[in-house]
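# Observations on the three-dimensional arrangement
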Amino acid sequence: MITDRVSYERLLGISGCLGLALLAHVTTLPLWLLFIVVACGSIRLLLARSGRSAPPRGILIAVAALAMPLLFLRFHTFNGLVAGTALLSVTAGLKLLETKTQRDIYIITLIIYFVSLAALLEGDSFWLLAYLIGVCWLTTATLLRATSNGPAPGWRRSLRYGGRVLAQALPLALVFWLLFPRLASPLWQIPNDSKTAASGLSDTMSPGDITQLALSDEVAFRVRFESAAPPAAERYWRGPVLDSFDGHTWTRATSGIGGTPPPLQPQGPAYHYTVMMEPHQHRWIFMLDWPSAWDRPHAELSNDYTLMQYEPLSRPIDVAGTSYTHVQYSEPLKPRTRARDLQQPRGRNARTQQLAREMRDAHPDDMDLVSAVLDMFHQQPFYYTLTPPKLADNSVDEFLFDTKRGFCGHYASAFAALMRAAGIPARVVTGYHGGTLNPYGDYWILRQSEAHAWTEVWIEGRGWMRIDPTAAIAPERVERGLADAVSADDPLASRWQRNTSWFVGARLRLDLLREVWRERILDFNQDSQRKLLEFLKVPEPDGQKLVMVLAAAMALVLAWLTWQIHRELAPPSKDVAARTYARLCAKLAAAGIARLPHEGAEAYALRVAQLRPDLADTVTALCRHYSSLRYATPSARITLGQFQAGVRAFRPKAL
Amino acid sequence: MRRHGRDSLPISIHRRRIYLMPTRFGVMLGAILAAMLMAGLNYNSNLALGFAFLMSSVAFVIMHHCNRNLQRLSVDVTTEVDAFAGREAIFEFALRNGSNVDRCDIEARCLTGSGMGSVPARESGTIEVIAPVVRRGVTRVRQFELRTRYPFGWFFSWTYVQGLITIYVAPAPAGTKTLPSAGAKGTGTHSETRGEEDFSGLRAYEPGVPLKHMAWKVLARGGEAAVRSYSSLAAQPEWLEWSSLDGMALEARLSQLCLWVLESDAAQRPYGLRIPGREIAPSGGAAHRFACLRALASFGSDHTAEPER
């Protein structure tokens with residue numbers, strides 16, 4: 001049976017399944033590799049079609065010798081998710097090429113199962129899961145066809161069988177998934193070979209960078225406030241702080257975590273919230289300005305109050321935090337920090353330096369100077385636009401004196417440069433601003449289009465103070481959001497979408513589904529299991545209790561499963577009378593007189609009466625009742641209920 | 001292995017007597033499932049973990065299905081089998097499936113042979129097991145086995161049935177001596193030529209009948225397979241004698257007698273068999289032939305053949 005030559009039909013089925021499973025990897029695997037696998041499958045299928053067997057071993061070795069070095073050149077390792085999947089795919093292709101016996105088909109099905117799992121380690125959407133379960137369903141049906149002796153069962157039958165097996169397996173899988181203890185930390189270090197590029201803000205900012213983000217509807221993170229959300233003008237989500245300027249680009253001078261942040265005196269109310277971050281492959285976590293507490297173990301506040309974790313964010317996480325929107329610094333600025341935050345590139349932006357000196361002379365007070373610069377933005381013909389002209393090396397000069405058209409990055413950059421030139425420590429802060437409330441789920445959505453840049457200036461006696469120059473030129477942006485702020489001729493892609501109410505509603509509902517999927521399924525963890533146990537009224541839930549509940553639930557499901565599977569062997573009769581009669585026969589059998597297969601009710605009663613005179617009356621009556629219920633007209637005097645009660649009360653003693 | 005004593009056939013297979021083991025492929029699958037679980041746990045991916053749990057549960061369900069494939073299957077087997085030494089014994093397993101599920105790819109094993117078959121829901125079927133037998137004599141098979149790898153071949157489950165199959169292995173028909181009567185011709189007048197007038201009726205078909213004796217017309221009309229039988233009224237009963245073969249080795253003698261029995265039977269002549277300790281009165285027909293063959297098979301063993309029916 002194992003050595004059966006495989007037919008074209010079976011090969012076609014299994015190749016199709018392998019192809020579908022690899023389709024889930026089409027974005028991560030190199031195309032030439034998929035080509036090799038497809039070529040292997042096609043060659044083998046063509047050979048099988050013309051009735052020929054697998055190609056000689058030499059060709060296999062040649063393909064392997066070609067593919068393996070290519071793989072190694074591409075990945076430099078076979079360890080890691082993508083490289084491992086690539087290796088597995090090539091193996092599957094080669095296996096397909098050399099498929100001779102049923103055993104080879106078995107091995108390919110195993111590879112299909114594992115490749116499907118690997119896809120789930122990379123992606124996390126509901127549709128991917130549904131697709132892969134579908135693929136495994138198909139694979140299972142194919143396996144049934146491939147392993148049965150004689151003529152293969154039809155596709156319909158095989159699929160129905162596979163579907164039934166999946167349905168029967170589902171409850172058990174669910175119990176395991178809910179209650180199987182999760183690891184707090186991985187067993188071994190996961191090689192981080194994620195090919196997903198970093199997204200969202202970066203730790204450098206040139207004027208115009210954020211403009212690209214403004215067109216993206218991708219969700220950066222979601223936020224749920226425990227009570228009321230702060231007003232729009234205070235919803236600044238703090239990202240990387242940029243304090244080094246070369247005349248064109250702002251960068252982060254301090255990389256890495258280090259230095260305790262200077263103490264702050266909170267003023268005003270505290271806001272408690274949970275940030276649900278999407279993975280962006282950077283280390284920072286966006287918190288409401290200014291964060292004071294968070295529950296992420298491997299994260300710390302940098303000395304400029306950005307929450308940074310040790311590892312790049314490669315999976316979605318939830319961080320609960322507390323922030324104050326109004327704070328005051330209680331310590332003076334350290335001299336080194338002051339020197340850094342006043343530093344300017346030499347020989348660049350000369351006109352800006354000149355302007356700063358003039359304004360400084362007119363406004364000796366720091367706050368007056370800030371107001372004067374903001375007034376300048378407001379009164380002079382500055383425009384807020386998504387399509388600003390490109391700027392060269394002296395970007396601030398060109399922007400302030402020539403083009404006067406820019407996005408938030410231009411204004412933040414120019415404002416900070418002006419402040420530094422005037423002797424006020426200043427820095428650019430990037431992050432997000434605003435957010436869209438999803439009324440269906442009561443949470444806020446922050447999209448890439450809400451990325452923003454603003455500035456902070458050091459005012460003696462108050463500390464770092466947030467100044468958003470964009471508010472001076474386009475106050476609507478800060479009050480209402482981007483779509484209302486940009487000029488009408490800007491190509492904001494989804495303008496009509498934002499203004500069509502049913503579309504907005506549908507989009508928000510869809511986002512709610514995505515959010516529920518993320519929160520309930522993807523982020524299911526030890527904490528969720530503890531809550532589940534609490535919900536089940538388990539006192540003082542811990543890992544041990546979890547295992548006990550798992551064992552109990554498993555016993556229940558297994559009992560159900562066994563019953564479910566074996567029920568089909570003898571389906572319970574829908575006829576109540578017949579079922580009750582069967583119970584009567586079982587009782588008599590237990591008492592030592594089993595009904596013979598050919599015996600009718602009356603004959604049986606007669607035999608029982610002869611063997612056990614003590615039971616004669618009852619059994620004769622009950623059997624006659626049964627006969628009349630089954631075979632007589634419905635006007636029979638005895639009712640079904642009476643018959644049932646009679647059988648229930650009947651307790652023959654064994655002799 | 002549990003000893004049940006003798007089972008009364010037909011037997012409905014109870015789940016307690018079904019054993020189950022993973023196949024080599026099942027062990028491989030287990031390893032893959034374990035790897036899938038580890039990957040899901042280590043990457044802390046709930047989707048991967050869910051998928052791994054689903055596949056493990058599928059394997060678990062399949063295990064039950066494999067076990068169920070034999071459960072409550074009613075099995076019967078022919079208790080007496082006739083064969084010739086050096087050829088094959090054919091065991092017929094009758095399976096009845098009273099349940100609503102199809103029983104697929106059931107393998108029956110007896111002696112060294114095995115046969116495969118399926119029984120759809122609420123139907124019956126037979127599986128033929130063909131096993132070679134080498135030595136003449138009476139062999140008793142006290143146990144036979146039913147096994148299945150359905151579905152998927154991840155697991156195989158099997159059960160032993162303690163039955164009693166008696167195999168009468170007649171000696172291989174061989175010899176150079178002609179029938180005693182063939183030498184002394186003249187008594188049988190009609191034995192060589194068979195005209196229409198010899199036709200005496202139909203009897204049930206049995207394997208081994210010359211094709212020219214088949215009642216093809218009856219079969220063509222849709223009737224049972226039947227064989228035309230010819231009366232050989234004029235033929236004298238013939239004694240096949242052990243003593244007439246003096247000087248030959250024991251097994252050679254038995255082989256010669258066996259050949260004579262078959263030749264006489266094919267020639268439609270009444271014959272009797274006389275061997276030490278056993279005498280079978282002259283007669284004809286299948287039952288008689290079997291009685292003679294069984295007598296030859298059991299010669300020398302302490303077993304006395306069951307009385308002829």
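Residues numbered from 1 in each chain as written. Chains lettered and ligands numbered in written order. Predicted model: local features only at pLDDT ≥ 70, side-chain atom pairs only at ≥ 80, totals over all residues.

## Considering the overall build of chain B
- When its secondary structure is counted, chain B shows six helices and 17 strands.
- Summarising the internal contacts of chain B: among those between residues at least 6 apart in sequence, 66% fall at separations of at least 24. (Helix = DSSP H or I, 4+ residues; strand = E, 2+ residues; numbered from the N terminus. Contact = placed C-beta atoms within 7 Å.)

## Thoughts on the overall build of chain A
- When you go through chain A residue by residue, the secondary structure sums to 24 helices and 19 strands.
- Taking all 655 residues of chain A together, the buried fraction comes to 36%.
- Relative to all contacts within chain A whose residues are 6 or more apart in sequence, the contacts with residues 24 or more apart total 72%. (Buried ≥ 20, exposed ≤ 12 C-beta atoms within 10 Å, placed from the backbone.)

## Some thoughts on the sheet that holds strand E10 (residues 299-301) of chain A
Residue and element names in this part refer to chain A.
- One open sheet accounts for three strands, arranged E7-E11-E10; its pairing is antiparallel. Bordering the open sheet on either side are strand E7 (284-285) and E10, each of which pairs with just one other strand.
- Pairing of E7 with strand E11 (residues 307-309), which is carried by two bridges, proceeds in the antiparallel orientation. When the bridges of E11 are listed, Ile 285 appears paired with Leu 307. (Pairing = 2+ DSSP bridges.)

## Side note on the domain arrangement of chain A
- Taken domain by domain, chain A comprises domain 1 (8-153), domain 2 (204-497), domain 3 (526-567) and domain 4 (576-649).
- Taking only C-alpha atoms, the centre of domain 1 of chain A and the centre of domain 3 of chain A are 37 Å apart. (Domains from an automatic or database assignment.)

## Digging into the interface of chain A and chain B
- Facing 42 residues of chain A, the contacting portion of chain B comprises 41 residues.
- At the level of secondary structure, the elements contributing two or more residues to the side of chain A that touches chain B comprise helix H5 (102-122), helix H6 (126-147), helix H7 (155-179), helix H18 (501-522) and helix H20 (543-567) of chain A.
- Its residues assigned to classes, the side of chain A that touches chain B shows 32 nonpolar, seven polar and three charged. (Nonpolar A, V, L, I, M, F, W, Y, C, P; charged D, E, K, R; others polar.)

## Quick look at the environment of Ser 158 of chain A
All names here are of chain A.
- Considering the arrangement of structural elements, one finds Ser 158 in helix H7.
- C-beta crowding within 10 Å serves as the criterion here: with 22 such atoms nearby, Ser 158 is assigned to the buried category.
- A C-alpha to C-alpha distance of 45 Å links Ser 158 and Ser 216, two positions 58 residues apart in sequence.
- When near neighbours in sequence (up to four residues on either side) are disregarded, Ser 158 contacts Ala 141, Leu 144, Arg 145 and Pro 153.

## So, the nonpolar core
- Ranked by internal contacts, the top residues of the largest apolar core, which has 83 residues, are Leu 117 of chain A together with Ala 48 and Met 55 of chain B.
- Core analysis: the next-biggest nonpolar cluster, separate from the first, contains 72 residues, Met 205, Phe 221, Cys 408 and Val 429 of chain A among them. (Core = buried A, V, L, I, M, F, W, Y, C linked by C-beta atoms within 7 Å.)

## Some points on the domain arrangement of chain B
Residues and elements named next belong to chain B.
- Taken as a whole, chain B is organised into domain 1 (1-170) and domain 2 (180-184 + 197-297).
- Between domain 1 and domain 2, the residue contacts involve seven residues of the former and eight residues of the latter.
- Looking at the side of domain 1 that touches domain 2, the elements that each hand over two or more residues are strand E9 (137-141) and strand E12 (165-170).
- Sort the elements by how many residues they give to the side of domain 1 that touches domain 2 and E12 lands first, with three residues.

## Structural notes on helix H2 (residues 31-49) of chain A
Residue and element names in this part refer to chain A.
- Its 19 residues give H2 an end-to-end C-alpha distance of 26 Å, which sits within 8% of 27 Å, the value for a rise of 1.5 Å per residue.
- Leu 33, Ile 36, Val 37, Cys 40, Gly 41, Arg 44 and Ala 48 are the residues of H2 that are buried. Down the axis of H2, the smallest arc covering the buried residues is 125°, so these residues share one side. Exposed residues on H2 whose side chains face more than 90 degrees from its buried face are Leu 31, Trp 32, Phe 35, Leu 46 and Arg 49.
- At its buried positions, H2 is contacted by helix H1 (8-23), helix H3 (57-75) and helix H4 (81-97).
- Phi turns positive, to about 80°, at Gly 51, one or two residues after H2. (Expected span 1.5 Å × (residues − 1). Arc of directions from axis to C-beta.)

## Focus on the sheet that holds E9 of chain B
Residues and elements named next belong to chain B.
- Pairing is mixed in the open sheet, where three strands are placed in the order E4-E12-E9. Of all the strands in the sheet, the pair left with one neighbour each is strand E4 (80-84) and E9. Averaged over all pairs of adjacent strands, the angle between their axes in this sheet comes to 25°, without regard to strand direction.
- Relative to E12, E4 runs parallel, the two sharing five bridges. Each residue of the ladder has a partner; that of Val 81, found in E12, is Ile 167. (Axes fitted to C-alpha atoms, helices over the stretch in contact; angles between N-to-C directions.)

## Regarding the packing of helix H10 (residues 350-362) of chain A against helix H12 (residues 395-403) of chain A
All names here are of chain A.
- Packing of H10 against H12 leaves a shortest axis separation of 7 Å and a crossing angle of 65°. Residue-level contacts link Ala 350, Arg 351 and Thr 352 of H10 to Val 396, Asp 397, Leu 400 and Phe 401 of H12.
- Of the residues belonging to the contact of H10 with H12, the class tally is four nonpolar, one polar and two charged.

## Thoughts on the confidence of the model for chain A
All names here are of chain A.
- Of all residues in chain A, 90% have pLDDT values of 70 or greater, and the mean over the chain is 83.
- The secondary-structure element of chain A with the lowest mean pLDDT is helix H17 (residues 495-499), recorded at 54, while strand E8 (residues 287-288) shows the highest, at 92.
- Segment residues 487-494 is flagged for pLDDT under 50; beyond a separation of four residues in sequence, or across chains, it makes 10 contacts in the model. (pLDDT = per-residue confidence, 0-100.)

## Thoughts on the pairing of strand E5 (residues 88-97) of chain B
Residue and element names in this part refer to chain B.
- Burial of the side chains of E5 is restricted to one face: Ala 89, Phe 91, Phe 93, Leu 95 and Asn 97 are buried, whereas none of Glu 88, Ile 90, Glu 92, Ala 94 and Arg 96 on the reverse face is.
- One ladder, built from four bridges, connects strand E3 (residues 74-77) with E5; its direction is antiparallel. When the bridges of E5 are listed, Ser 74 appears paired with Arg 96.

## With respect to the pairing of strand E17 (residues 443-447) of chain A
All names here are of chain A.
- For E17, the tally of buried residues reaches five of five residues, placing the bulk of the element in the interior.
- The two faces of E17 match: Tyr 443, Ile 445 and Arg 447 on one face and Trp 444 and Leu 446 on the other face are all buried.
- Pairing of strand E16 (residues 436-438) with E17, which is carried by three bridges, proceeds in the antiparallel orientation. If you follow Thr 436 over to E17, its bridge partner there is Ile 445.
- The antiparallel pairing of E16 with E17 creates a hairpin that spans four residues between the two strands, and Asp 442 there sits at a positive phi of about 55°.

## Description of the environment of Ala 616 of chain A
- Among the secondary structure elements, Ala 616 of chain A is positioned in helix H23 (residues 616-631).
- Distance from Ala 616 of chain A to Leu 606 of chain A, taken between C-alpha atoms, is 8.0 Å for residues 10 residues apart in sequence.

## Observations concerning the confidence of the model for chain B
Residue and element names in this part refer to chain B.
- Mean pLDDT over chain B works out to 81, with 84% of the residues at or above the 70 mark.
- Predicted confidence in chain B is weakest over helix H3 (residues 180-183), with a mean pLDDT of 58, and strongest over strand E2 (residues 19-22), with 94.
- Predicted confidence for residues 183-197 stays below pLDDT 50, and this span has 16 contacts to residues more than four positions away or in other chains.
- Low pLDDT, under 50, characterises residues 303-309; the stretch is placed with eight contacts to residues that sit more than four places away or in other chains.
- Two numbers describe this predicted complex: its pTM, 0.71, and its ipTM, 0.73.

## Observations regarding the environment of Glu 145 of chain B
Residues and elements named next belong to chain B.
- Relative to the helices and strands, Glu 145 is located in strand E10 (residues 144-148).
- We classify Glu 145 as partly exposed; it has 13 C-beta atoms within 10 Å.
- Setting aside anything within four residues of it in sequence, one finds Glu 145 in contact with Arg 109, Trp 158 and Tyr 160.

## Observations concerning the packing of H1 of chain A against H2 of chain A
All names here are of chain A.
- It is the contact of H1 with H2, at a shortest axis distance of 10 Å, that shows an interaxial angle of 170°. Taken together, H1 and H2 sit at an angle that is classed as roughly antiparallel. Contacts from Tyr 8, Leu 11, Leu 12, Ser 15, Leu 18, Gly 19 and Leu 22 of H1 reach H2 at Leu 34, Val 37, Gly 41, Arg 44, Leu 45, Ala 48 and Arg 49. (Parallel < 35°, antiparallel > 145°, perpendicular 65-115°, else oblique.)

## Focus on unusual backbone geometry
Residues and elements named next belong to chain A.
- For the bond from Asp 289 to Trp 290, the omega torsion is -5°, close enough to zero to count as cis.
- Tracing the chain through its elements places Trp 290 in the loop between E8 and strand E9 (291-294).
- The phi angle at Gln 281 is positive, at roughly 65°, despite the residue not being glycine.

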